[in-house]
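# Commentary on secondary and tertiary structure
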Amino acid sequence: MTAITADKLITSIQPTWCPGCGAFSTLTALKQALIGLGLLRMEELTIIFGIGCSGNTADFIKCCGLHALHGRSIANAIGVKLANHQQKVLVIGGDGDLYGEGFNHLVAACRGNHDITVLVLNNHRYSLTTGQVSPTSNQGTIGKSTPTGSIEIPIGALGTAIVNGAGFVARAFAGKTEQLSELIKKGMLYEGFSLIDIQQPCQSFNKEQDYSWYQENTFDLGEDYDPTNQSQALISLLDQTKLSLGVLYRNDQRPAYHRQLPQLNKQALVEQFPKEIDLSQAIKEFI
Ligand SMILES: Cc1ncc(C[n+]2csc(CCOP(=O)(O)OP(=O)(O)O)c2C)c(N)n1
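How each quantity is defined
- Residues numbered from 1 in each chain as written.
- Predicted model: local features only at pLDDT ≥ 70, side-chain atom pairs only at ≥ 80, totals over all residues.
- Heavy atoms only, no water.
- Near = heavy atom within 4 Å.
- Polar contact = N/O pair within 3.5 Å; in protein donor to acceptor, adjacent residues only side chain to side chain.
- Areas by Shrake-Rupley, 256 points an atom, 1.4 Å probe, with all protein chains shown as cover.
- Pairing = 2+ DSSP bridges.
- Helix = DSSP H or I, 4+ residues; strand = E, 2+ residues; numbered from the N terminus.
- Axes fitted to C-alpha atoms, helices over the stretch in contact; angles between N-to-C directions.
- Contact = heavy atoms within 4.5 Å.
- Salt bridge = Lys/Arg side-chain N within 4 Å of Asp/Glu carboxyl O.
- Buried < 20%, exposed > 50% of the residue type's maximum accessible area, 1.4 Å probe, protein only.
- Arc of directions from axis to C-beta.

### A closer look at the site of the ligand
Around the ligand sit 15 residues in total, of which C53, S54, G96, D97 and L128 are the nearest. Measuring from an oxygen atom of the ligand, one finds a side-chain N or O atom of S54 at 2.8 Å. One of the backbone nitrogen or oxygen atoms of R125 is found 3.0 Å away from an oxygen atom of the ligand. For the ligand, whose accessible area on its own is 590 Å², the fraction buried by protein is 71%.

Written out as structure tokens, the structure is:
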């Protein structure tokens, strides 16, 4: 076993994100969280990446995992967790990947309370494909795919997650690295489905929501906010004058999926099979 330290997470590839991209600070916060968790070891961490600038994090952090198909990272992450309960399983993707193409998987993960942590790097655009509107773009956004302005209103992803059973839902801003790192740690320590929506500036394709916009339009949830109150969480999300940051909702009463499934709740799949399996016959059939 190799304990997680900063040097273990480094790859030889330099990030290809544009200067000023919020993903730089999100990556820093993520690494701080992984190191800070302490209990984690490299072999106990799996990260599944989506497709997009956000999913390209796959090249910039060393870990076990895979770069999934567009919108299919959550399905893969659930599979990993069900096969091996010892794994801390993270998903990293964009708002297009996870609230657009993959939204049905996100809702299914909430309903099952699958024990994975999903980080949505939410820059309100499809940025890798050069800035088309995404499910979280403001109504009226002008882009290559919407030259006269988008008609749809932004998706209420966090509210949908909460009403569909997500156990832990938080919102963060990439520019507040320390708070983001703490939220990632909390989400990963939570046993059940955790969703962290990371508001992230995209300097190239979202000129509207830049760093100063976030400074002016976000606030931290105070001490008097009770995250266990589901209706209060939903009401607070309806108020869109400013974005609240922190743990919006937390339910510690609902067991995670793998604790409930009779076939798996005593032993994970990896423990049910012999350590050494002779696959030669199966391989012969495929070649
Ligand atoms: C099935 C499929 N459809 C479309 C694409 C093209 N595509 C690649 S990245 C991307 C947008 C990703 O946007 P988002 O998830 O918001 O991530 P960002 O690049 O903004 O981080 C799209 C549509 C693809 N690779 N695969």
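Once you've had a look at it, read on.
### Digging into the sheet that holds strand β10 (residues 243-250)
Strand order in the open sheet formed by 8 strands is β2-β1-β3-β4-β8-β7-β10-β9, with mixed pairing between adjacent strands. Edge positions in the sheet fall to β2 (64-67) and β9 (218-220), since each of these pairs with one other strand and no more. Direction aside, the axes of adjacent strands within the sheet are offset by 20 degrees on average. Relative to β10, β9 runs parallel, the two being bridged by 3 bridges. Bridging from a neighbouring strand, T218 pairs with L243 of β10. Most of the contacts of helix α8 (residues 230-238) go to β10, to which it runs at about 160 degrees, and overall it touches β7 (168-173) and β10.

### Here's the deal with the pattern of salt bridges
What the rule picks out here adds up to 5 salt bridges. In this structure, E191 engages R259 in a salt bridge whose closest nitrogen and oxygen atoms are separated by 2.8 Å. Of the two residues, E191 is situated in the loop between α6 (177-189) and β8 (194-199) and R259 in helix α9 (residues 257-260); the sequence distance between them amounts to 68 residues. Overall, the relative accessible area of 47% leaves R259 in the partly exposed class. Between R250 and D252 there is a salt bridge; the shortest N-O distance is 2.9 Å.

### Quick word on helix α2 (residues 73-83)
If you check which residues of α2 are buried, you get S73, I74, A77, I78, K81 and L82. Buried positions in α2, seen along its axis, are confined to an arc of 165 degrees and lie on one side of it.

### A few points about the pairing of strand β3 (residues 88-94)
The element β3 is largely enclosed, with a buried count of 6 among its 7 residues. Sheet topology note: the strand β1 (residues 45-49)/β3 ladder contains 5 bridges and is parallel. Bridged to F49 within β3 is I92. Bridge analysis of β3 against strand β4 (residues 117-122) gives 5 bridges, and the strand direction is parallel. Note that in β4 the partner of I92 across the bridge is L119.

Note that every value here comes from positions in space, so none of it alone points to a role or purpose.
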